[in-house]
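Chains, contacts and geometry: an overview
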Amino acid sequence: GLVVLQFVGMWMVCPTMTEVPPPWLCFLGGLAIFTYLILDNTDGKQARRTGAASPLGLLFDHGLDAFLSPLGAINAMCLVRSGP
């Protein structure tokens, strides 16, 4: 949720990736990535600890990682203004 929201915000503010993003959007990006990483690492450990882990849950977790990782990379590229 937060990573996608921050991606949409960056896309609206920095469409060519050469503009300077506002500080609040940079803070939101850091908070989004931090929250995503903490929750992504703890949910798998909790599922294994409680015996609720399943192959479908693992596939879903990897699918979300595959979807959100490029968004985080694009956000980082926008923060350092690496446009064309």
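Below is a short write-up of the structure.

1. Topic: the side chain of Q6
With respect to the secondary-structure elements, Q6 resides in helix 1 (residues 2-13). Residue classification places Q6 among the buried residues on the basis of a relative accessible area of 1%. Of the polar contacts made by the side chain of Q6, one reaches the side chain of N75; its length is 2.4 Å. Residues in contact with Q6, not counting those within four places in the same chain, are L25, L28, G29 and N75.

2. Quick word on the nonpolar core
Core analysis: the biggest nonpolar cluster contains six residues, these being M10, C14, M17, L25, L28 and C78. Setting aside its immediate chain neighbours within four residues, M10 contacts P15, P21, L25, N75, C78 and L79. Counting residues in hydrophobic clusters, the runner-up holds five residues, among them V3, A32, Y36 and L71.

3. Section: the state of the cysteines
Per the counting criterion, the structure on display carries zero disulfides. Here C26 stays unpaired: no disulfide links it, and the sulfur of C14, its closest cysteine neighbor, is 7.9 Å away. Of the cysteine sulfurs around C78, a residue in no disulfide, the closest is that of C14, at 3.4 Å. The exposure class of C78 is buried, given its relative accessible area of 2%.

4. Describing the environment of S69
Of note, S69 is situated in helix 3 (residues 55-79). Residue S69 is classed as partly exposed on the basis of its relative accessible area of 44%. Sequence separation between S69 and D40 is 29 residues; the distance between their C-alpha atoms is 12 Å.

Cut-offs and rules
Residues numbered from 1 in each chain as written. Predicted model: local features only at pLDDT ≥ 70, side-chain atom pairs only at ≥ 80, totals over all residues. Heavy atoms only, no water. Helix = DSSP H or I, 4+ residues; strand = E, 2+ residues; numbered from the N terminus. Buried < 20%, exposed > 50% of the residue type's maximum accessible area, 1.4 Å probe, protein only. Polar contact = N/O pair within 3.5 Å; in protein donor to acceptor, adjacent residues only side chain to side chain. Contact = heavy atoms within 4.5 Å. Core = buried A, V, L, I, M, F, W, Y, C linked by side-chain atoms within 4.5 Å. Disulfide = S-S within 2.5 Å.

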